[in-house]
Structure formats: C-alpha cells, structure tokens
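# Report on the structure
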Amino acid sequence: GKLSIWFVFTPRQVVDYAQRVHFKVNKEEKWVDVRGRGCPLRLELTDIDMQHIDFGVTRAGEPITKVAKVVNRSQRTATFHLVDEESELKSKAVSWDPAEPRTLEPRETCD
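Below, the structure is looked at part by part. Every value quoted in this text rests on a predicted model; they were computed, and no experiment measured them. (Residues numbered from 1 in each chain as written. Predicted model: local features only at pLDDT ≥ 70, side-chain atom pairs only at ≥ 80, totals over all residues. Heavy atoms only, no water.)

## Quick notes on the pairing of strand 1 (residues 16-25)
Relative to strand 2 (residues 28-37), strand 1 runs antiparallel, the two being bridged by 10 bridges. Its bridge partner lying in strand 2, A18 is registered against R35. Hairpin geometry of strand 1 and strand 2 is characterised by an intervening segment of 2 residues between the two adjacent antiparallel strands and by a positive phi of about 50° at N26. (Pairing = 2+ DSSP bridges. Helix = DSSP H or I, 4+ residues; strand = E, 2+ residues; numbered from the N terminus.)

Rendered as structure tokens:
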C-alpha cells in the first residue's frame, strides 16, 4: 500500500528553517530533510505621497476619484482587502474598488 504524509509549514519568524525527519521502516532508517523560510508580508504604496489622500473641495453629489497604487514587495503571493470595521469611511461617503479580496503576485501592482 501507499501512505501520504503531509508536512504543514507555518513559520512564526522570518528565518530559515531546517530539520531532519527520521523514518524507521521495519529495520531500515530513512532521513528526510525538511526546509523552508519565513517570509515577511510587504504590501506597500508605490509612492510615499499616496499616504494622504486629499479630496479637496467638491460640490455635493459630485464624486471625486483618487488612486492609491499598492505593490507586493514580498517574495510570495499576498492576498489583502480593505476593511472599514467601524463604518467610519462609509459614513463620510468614502468607498473603494475593489471591495473584495485581491491577490497580488510578487512585484505585481494594483490600483
């Protein structure tokens, strides 16, 4: 028969991990090297000036759109979404698109 053994890697720090796993099969011994590296999430604005979005003065009922571009500077794919938990922005008539979670590959940008 055949048995699959799943190894789940959940790094807790941004460091290299290495471990040898010992398998004893009947009277034989086998070693498997398990390696991985923790990776920091680095989702950043492409331009520091985008830290503050100023809509300026506008007439009531006339929408103004500003863009904040983000880039995934991580070595891994990153999934994110914007959250307004207390509805503070919604109460001030501010919304954004995309409203659903978005996934960016390394070095990919989203605006």
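There's more to say after this.
## Remarks on the side chain of S74
With respect to the helices, strands and loops of the structure, S74 is situated in the loop between strand 4 (70-72) and strand 5 (78-80). A distance of 3.2 Å separates a polar atom in the side chain of S74 from the backbone oxygen of P40. Among all residues touching S74, those that are not within four sequence positions of it are C39, P40, L41, R42 and P106. (Polar contact = N/O pair within 3.5 Å; in protein donor to acceptor, adjacent residues only side chain to side chain. Contact = heavy atoms within 4.5 Å.)

## Focus: the sheet that holds strand 4
The strand order across the open sheet built from 3 strands is 3-4-7, with neighbouring strands paired in antiparallel fashion. Sheet topology places strand 3 (43-45) and strand 7 (109-110) at the edges, where each strand pairs with a single neighbour. Across 2 bridges, strand 4 lies against strand 7 in antiparallel orientation. Paired with V70 across the strands is C110, a residue of strand 7.

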